[in-house]
Amino acid sequence: MKRLILSVCFFLYLGTLYSQDFKSVYINPSDNGIGIKDYLSKIEQDYDVDFIYDDSRIGNFGINGVVFRRKLLDYLDIYFEAFELKVVVVKSNVALILPKNVANQFNSKTDYFVVKPAPSGRINLIGEIYDTDLNEPLIGAQVVVESINAGGVTNLQGEFSISYETNEVYSVVRTQYKGFDTILQLITFSEYGDEKMPRTLLYPSVTKLEDVIIRAQSIDKNVSGKLTGIENLGIESIKSLPTFMGEVDLINGLTTLPGVSTVGELASGFNVRGGNLGQNLIRQDGAIIYNPSHLFGFYSAFNPDIVDDVTLIKGGGNARYGSRVSSTMDVTLRSGETRDYHATGGLGIVSSRLTLEGPLVKNKSSFILGGRISYADWALGITKDLKLTQSSADFGDVTAKLFQMINENNFISLSAYSSFDSFSLASDSLFTWGNKSLALKWGHNFSANTGSQLTLAVSAYNSELQNKDAIEGFTYENGITSTNLIYNVDSKFSDDKQINFGVEANYSQINPGESQNIIERSNVLEFDIDEHKALETAAFVQYNWDITPKFAVSAGLRYSQFYRFGKGLVYDYNYNIVDSQFPERGDSINYDTNELIDFKHGLEPRVSFRYKLDISTSLKASYYRTYQYIHLISNTTSSSPLDYWLSGGPNLEPQRGDQFSLGVFKNLKDNKYELSVEGYYKDVKNTIDYIEGAEVKLSESIEGNLIQGNGISYGIEFLARKNTGALNGWLSYTYSRSLLRFNSDFDILTVNQGDLYPSQYDQPHNLSVVMNYAANEILSFSANFSYSTGRPITVPISKYSYNGFPTVNSYSQRNEFRVPDYHRLDLSVTLKGEHPEKRFQGEWVLSIFNVYGRNNVFAVAFDEFGRASKVSIVGNMFPSLSYNFKF
């Protein structure tokens, strides 16, 4: 019995000793001379406590000056005074040794939180954000790790999850939501930490805070992401660029990134890695936008006040993306404010815009409605083109979005868009065109780790030409209407394994062209090309797996099918001809309404690999295949309203793109700087061009005038970016080639003797430098310099005449020569209101386009005598002033 009592007393004594709170530990004179780090390690072992500190800040000097017994924490406060450090007890068994200037920012114990790192060493921040007044989750609240200036947003339940790696002993996390006070929390890391943060409560703010845009993507995504060829550009970055006539342009912003270019000044559309305009799929909230520009490329078709984010996938993307062989541009519209009503707008020298937004039911549903309208006629008068000076132009658009949270697991949104353009050329012809789209989305969460999204979208594009000639007047119109259904499921098995799968269907009705005379005895041939009906379907799956902390793979498969339906005549063409420049129509088949004309299908594998050399450096490689079944037909360098879409079929095989890429990605100073070098090789089978001298407009034989061959493009892209600081921006440089080969047994289908030749989009050198400097909270500056090799052209190299007949020009091989190289500098200055914290905010933006007045050549025209004249769009310096407001 004595032994039992003694044993119990001994273990009770030990329990008392080891359960003692380290805050009541005393330091004694006998501890003098012990290294401070060694002493703290001993306390950690004896009392199950964790001291967290930066080794480089405290050294390992010996304890000294202890002449009497005193509390350890009191002594540490005095000891670390010389190091400008402070000890903060953030948990009963966790103490954090911080720089004083950091510790002084956090006065309450609730400002600190201790996270338990994952076994891999990654930090997983999991929590939820709530409205203090309503005790309801805040959807879309922004959570950002300040040292990296990136993070995530809350979902329908107000929950967020951020995973990242860091070498620091703590992170400062900022949580913010429009109309609420922003809070800062200091997060440190210990085995004694918790896996989930306590609920964070936000209080409604008295004054309206200025917008802060946070990228809703993973920390260090440039390095840790598994896919190559992904470019993300926030709308605030695009707004910082100098503008032409005061209009913010999304397309112009994308062309400052590597691998993205245009054929000339203010050209419509964009080219990605040597592809043509029709090889880009452009979606806005899930709906297809067929023409992304106003006024032939002078302005973007997207309203910058409503756009939230722009992502461009240049290759190696998720299997849910398809239908085009060059790129997918995904434009996301933001939802309206759910608590307060706001108005945003701008007044420019050629256009104005206004956006209204607010709640329908507070914190449950919202609306946003924005419109733009132009008064641009006067601007045409200052161009150097005589016809343009005698012309008129007009454009406008309306964008709207409704958002409704049904419950914690369901939401719906409805987005609508309508645009119109009109352009009268020297009073002879009137061009009109426009986009329309409607997109309905339903988001549903099956569980915390599995969610789905159903998108139903309708898109339409129509263009019309009215020729007002008194003798040969006619109207010509074409268009396309599509209905798109996508169902997508995302599921997360663990932090290391995720899967995405779904189905897609797209039904298109294409009007290739219809011409009618408006003059009774016009010499112009009337025609009405039969409508093309096409159905594209696809099933896809993508699996992401972090096999080890360093090595990861993302593999996907997309199976696409294409159906072409009747009605009408489909012709065969005879290309084995000698006496004619163009093919002859052969036999035809007359198909009944909705009768199947053609069927195509194909597997589209994608695979990407990522290997981390260290926490801030990775190697990535990818292979990507996709099919394109409908095609944009144009014989102009830049997109025009008369370009039209054709469905594949018996005379047009689907384009097939195969792309390989390899890159090195490096981040510096906690992702403050980003560096990347990426090379690619792309091979496109059945790319489309036109027979020499063909007129692909106003013709019923349009399919017979087209040829198909091989397209090859390759290049290396370099990007250096500074993400934070008063001075930020990026430099991008691309060396690339875009080559075509059309070789056939028939001479009529052969170009340049079947040799490789440069495409119209071949610009070997392309450089962009973007710099932004914030002098203070009121004044900021921006500069954009761009340079590119002149694009290829075909020119007459000789001429001849016979017995007084008109001169006939003899042309070079296709695209044998080039226009002069292109370069331009733009500058802007932004002056904000003196009191940005007030409810009304305004700013003046002064932009100077083409600062040194470079007369860049857009095209070279030749008359019947072979005499050349160059065409420049903006050959002078062009200043503009705009005023933007928000309240």
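Each value, and the rule that gives it
- Residues numbered from 1 in each chain as written.
- Predicted model: local features only at pLDDT ≥ 70, side-chain atom pairs only at ≥ 80, totals over all residues.
- Heavy atoms only, no water.
- Helix = DSSP H or I, 4+ residues; strand = E, 2+ residues; numbered from the N terminus.
- Buried < 20%, exposed > 50% of the residue type's maximum accessible area, 1.4 Å probe, protein only.
- Contact = heavy atoms within 4.5 Å.
- Axes fitted to C-alpha atoms, helices over the stretch in contact; angles between N-to-C directions.
- Parallel < 35°, antiparallel > 145°, perpendicular 65-115°, else oblique.
- Left-handed = near helix turned anticlockwise from the far one by under 90°.
- Salt bridge = Lys/Arg side-chain N within 4 Å of Asp/Glu carboxyl O.
- Phe/Tyr/Trp six-rings, centres within 6.5 Å; stacked < 30°, edge-to-face > 60°.
- Lys NZ or Arg CZ within 6 Å of the ring centre and 35° of its normal.
- Core = buried A, V, L, I, M, F, W, Y, C linked by side-chain atoms within 4.5 Å.
- Pairing = 2+ DSSP bridges.
- Arc of directions from axis to C-beta.
- pLDDT = per-residue confidence, 0-100.
- Expected span 1.5 Å × (residues − 1).

Colleague: So, the overall build of the protein chain: which residues are in play, and what are the values?
Modeller: Tallying secondary structure elements over the protein chain gives 10 helices and 57 strands in all. Looking at the protein chain residue by residue over its 887 residues, the buried ones come to 53%. Within the protein chain, counting contacts between residues at least 6 apart in sequence, those at least 24 apart form 67% of the total.

Colleague: Account for the packing of helix 2 (residues 36–47) against helix 4 (residues 72–79), with residues named and values stated.
Modeller: Here helix 2 crosses helix 4 at 155°, and the two axes come no closer than 14 Å. By the angle class used here, helix 2 and helix 4 are roughly antiparallel. Considering the relative orientation of helix 2 and helix 4, their crossing is left-handed. The segment helix 2 lies against helix 4, with I36, Y39, L40 and I43 engaging L72, L76 and Y79.

Colleague: Account for the pattern of salt bridges, with residues named and values stated.
Modeller: Counting across every chain of the model gives 31 salt bridges. The residue E165 makes a salt bridge to R122 at a minimum N-O spacing of 3.2 Å. Taken as a pair, E165 in the loop between strand 11 (159–164) and strand 12 (170–176) and R122 in the loop between strand 6 (112–115) and strand 7 (123–131) lie far apart in primary sequence, 43 residues in all. Residue R283 is joined to E504 by a salt bridge in which the shortest nitrogen-to-oxygen separation is 2.9 Å. Taken as a pair, R283 in strand 18 (residues 280–284) and E504 in strand 32 (residues 497–517) lie far apart in primary sequence, 221 residues in all. Its relative accessible area of 8% is what places R283 among the buried residues.

Colleague: Residues and numbers for the packing of aromatic side chains, please.
Modeller: With the rule as written, the count across this model stands at 22 aromatic pairs. Here the aromatic rings of F80 and F83 are separated by 6.2 Å at their centres, their planes lie at 65°, and the arrangement is edge-to-face. For F80, a relative accessible area of 0% puts it in the buried group. Note on F83: relative accessible area 21%, which makes it partly exposed. Where Y290 meets W645, the ring centres are 5.5 Å apart and the plane angle is 70°; that geometry is what we call edge-to-face. Here Y290, found in the loop between strand 19 (287–288) and strand 20 (293–294), pairs with W645, found in strand 41 (residues 644–647); they are 355 residues apart in sequence, far enough to count as distant. The buried category is assigned to Y290, whose relative accessible area is 10%. Residue W645 is classed as buried on the basis of its relative accessible area of 6%. Among the aromatic residues, those joined into a ring-pair cluster are Y75, Y79, F80 and F83. Taking NZ or CZ as reference, R199 lies 3.6 Å from the ring centre of Y130, over its face.

Colleague: Please give an account of the nonpolar core that cites residues and values.
Modeller: Formed by 45 residues in total, the largest nonpolar core has its most connected members in L295, Y476, I480, L646 and L706. Breaking this core down by element, the ones donating at least two residues are strand 27 (392–407), strand 29 (429–445), strand 30 (450–467), strand 31 (474–492), strand 40 (630–633), strand 41 and strand 43 (673–690). When residues no more than four places from it in sequence are discounted, the contact partners of L295 are A376, A393, D394, F395, D421, S422 and W433.

Colleague: Describe in detail the side chain of S515, supporting the description with residues and values.
Modeller: When you line up the elements, S515 lands in strand 32. The residues contacting S515, other than those within four sequence positions of it, are F474, T475, Y476, V524, L525, E526 and F527.

Colleague: How would you summarise the environment of L72 if you had to cite specific residues and measurements?
Modeller: Along the chain, L72 falls in helix 4. Using a relative accessible area of 0% as the deciding quantity, one classes L72 as buried.

Colleague: Which residues make up the sheet that holds strand 18, and what are the values?
Modeller: Pairing is mixed across the open sheet formed by 5 strands, whose spatial order is 15-22-23-18-19. For this open sheet the edge positions go to strand 15 (230–234) and strand 19, each flanked by a neighbour on one side alone. Pairing analysis gives 6 bridges linking strand 22 (residues 307–313) to strand 23 (residues 327–333), with the strands arranged antiparallel. Its bridge partner being in strand 23, V307 is matched across the sheet by L333.

Colleague: Please set out helix 4 residue by residue, giving values where relevant.
Modeller: Considered for burial, the residues of helix 4 that qualify are L72, L73, Y75, L76 and Y79. Buried positions in helix 4, seen along its axis, are confined to an arc of 160° and lie on one side of it. Structurally, helix 4 contributes buried residues whose contacts are with strand 1 (26–27), helix 2, strand 2 (50–52), strand 3 (70–71) and strand 4 (85–91).

Colleague: Which residues make up the confidence of the model for the protein chain, and what are the values?
Modeller: Interpretation of this model should avoid reading the predicted coordinates in detail wherever pLDDT is low. This prediction gives the protein chain a mean pLDDT of 84; 88% of its residues lie at or above 70. Taken together, the stretch residues 4–8 has pLDDT below 50 and engages in 0 contacts with residues farther than four places along the chain or on a different chain. Every residue in residues 10–19 is under pLDDT 50, and counting partners more than four places away or in other chains gives 2 contacts.

Colleague: Let's hear about the pairing of strand 11: which residues, and what values?
Modeller: In the case of a regular strand, side chains alternate between the two sheet surfaces. On strand 11, burial follows the alternation: F160, I162 and Y164 on one face are buried, whereas E159, S161 and S163 on the facing-out side are not. The sheet contact formed by strand 7 and strand 11 spans 6 bridges and is antiparallel. In the strand pairing of strand 11, I126 is matched with S161.

Colleague: I'd like a rundown of helix 2, residues and numbers included.
Modeller: An ideal rise of 1.5 Å per residue puts 16 Å on 12 residues; helix 2 measures up with 16 Å between its terminal C-alpha atoms. Taken together, the buried positions of helix 2 are occupied by I36, Y39, L40, I43 and Y47. For helix 2, the angular spread of buried residues about the axis comes to 100°, placing them on one side. Looking one or two residues beyond helix 2, the residue adopting positive phi is D48, at roughly 50°.

Colleague: So, unusual backbone geometry: which residues are in play, and what are the values?
Modeller: Of all residues except glycine, most have a negative phi; of all peptide bonds, most are trans. Within the chain, N815 stands out as a residue other than glycine whose phi angle is a positive 55°. Among the secondary structure elements, N815 is positioned in the loop between strand 51 (808–811) and strand 52 (817–818). Of note, the phi angle at N850 is positive, near 60°, even though the residue is not glycine. Here N850 shows up in the loop between strand 54 (841–849) and strand 55 (859–862).

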